[in-house]
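Analysis of the macromolecular model
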Amino acid sequence: MPNTENRYKMSQERLDALKDELHYLETTREKEVAELIKEARSFGDLSENSEYDEAKTEQGKLYSRIAEVKNLIENAVVVEKTEVEEGVIVIGSAVKVLDVEENEEQEYKIVGSQEADPMMGRISDDSPFGFALKGHRAGDVVTVEAPVGELQFKILSVEND
């Protein structure tokens, strides 16, 4: 039974990618790691066999990732593109903002927490910034509480595809 407290919002594309990754890990990668262990065993004394230790460590990482991906899939909540008022920020919106203090334009895509990658401009809807933007539209000024204090952003444009 899925854990109702730890749900992971994501697009259908992200869920499909996780399912593909799980299939790869449980088939191809698991066979590769098993082969590494088998090969390392053939080198003799396991107590001083670094190849065996490395292969077992790799197996542990593999099983850990399989468990993690299964958890994400089992607790995934696919966020459907819903009928929203044109120009309102929701998950999936591409947003251009102006940092009022720095007078600097920035572009972001609002995504579910499992797809967030701030370095690539993909901001989680659960992050303080993403949460502050949701429900607003172009022309609005939003204030975001940050460790350095309050930051203000003017929303320049919103695209919902």
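In short, a report on the structure. (Residues numbered from 1 in each chain as written. Predicted model: local features only at pLDDT ≥ 70, side-chain atom pairs only at ≥ 80, totals over all residues. Heavy atoms only, no water.)

1. Comments concerning the overall build of the protein chain
A count of helical and extended segments in the protein chain gives three helices and seven strands. Along the protein chain, helices and strands appear, N-terminal first, in the series β-α-α-β-β-β-β-α-β-β. Since a compact globule built from 161 residues should have a radius of gyration of about 15 Å, the 22 Å found for the protein chain marks it as more spread out than a globular shape. With the C-alpha coordinates aligned to their principal axes, the bounding extent of the protein chain is approximately 70 × 35 × 25 Å. Across the 161 residues of the protein chain, 32% fall into the buried class. For the protein chain, contacts bridging at least 24 residues in sequence account for 52% of all contacts bridging at least 6. Looking at the protein chain as shown, the accessible area adds up to about 10400 Å², and 49% of this sits on carbon and sulfur atoms. (Helix = DSSP H or I, 4+ residues; strand = E, 2+ residues; numbered from the N terminus. Rg over C-alpha atoms; globule rule 2.2 N^0.38 Å. Buried < 20%, exposed > 50% of the residue type's maximum accessible area, 1.4 Å probe, protein only. Contact = heavy atoms within 4.5 Å. Areas by Shrake-Rupley, 256 points an atom, 1.4 Å probe, with all protein chains shown as cover.)

2. Topic: the pairing of strand S4 (residues 104-111)
Along any regular strand the residues' side chains alternate between the sheet's two faces. Inspection of the sheet shows strand S3 (residues 94-99) paired to S4 by six bridges, in the antiparallel sense. Among the inter-strand pairings, leucine 98 is bridged to a residue of S4, identified as glutamate 105. (Pairing = 2+ DSSP bridges.)

3. Here's the deal with helix H2 (residues 50-74)
Over its 25 residues, H2 extends 36 Å from the first C-alpha to the last, a length consistent with the 36 Å expected when each residue adds 1.5 Å. Of all the residues in H2, the buried ones are Tyr52, Ala55, Gln59, Leu62, Ile66, Val69, Leu72 and Ile73. On its buried face, H2 is in contact with strand S1 (8-10), helix H1 (12-41) and strand S2 (76-78). The N-cap of H2, judged by a side-chain oxygen 3.2 Å from the amide nitrogen of glutamate 51 a few residues on, is asparagine 49. (Expected span 1.5 Å × (residues − 1). Polar contact = N/O pair within 3.5 Å; in protein donor to acceptor, adjacent residues only side chain to side chain.)

4. Let's talk about the packing of aromatic side chains
Taken as a whole and assessed by the stated rule, the structure comprises two aromatic pairs. Taken together, the aromatic side chains of Tyr108, Phe129 and Phe153 make up a single cluster linked through ring pairs. (Phe/Tyr/Trp six-rings, centres within 6.5 Å; stacked < 30°, edge-to-face > 60°.)

5. Topic: the sheet that holds S4
One key point about sheets: their strands pair by backbone hydrogen bonds, in either a parallel or an antiparallel sense. Reading across the sheet, the five strands line up as S5-S4-S3-S7-S6 and stay open at both edges, with mixed pairing between neighbours. Only two strands of the sheet have a single neighbouring strand rather than two, namely strand S5 (122-124) and strand S6 (141-146). Pairs of neighbouring strands in the sheet enclose a mean axial angle of 45°, with direction left out of account. Direction of pairing for S6 relative to strand S7 (residues 149-159): antiparallel, over a ladder of six bridges. Across the sheet, the residue bridging to valine 142 is phenylalanine 153, located in S7. (Axes fitted to C-alpha atoms, helices over the stretch in contact; angles between N-to-C directions.)

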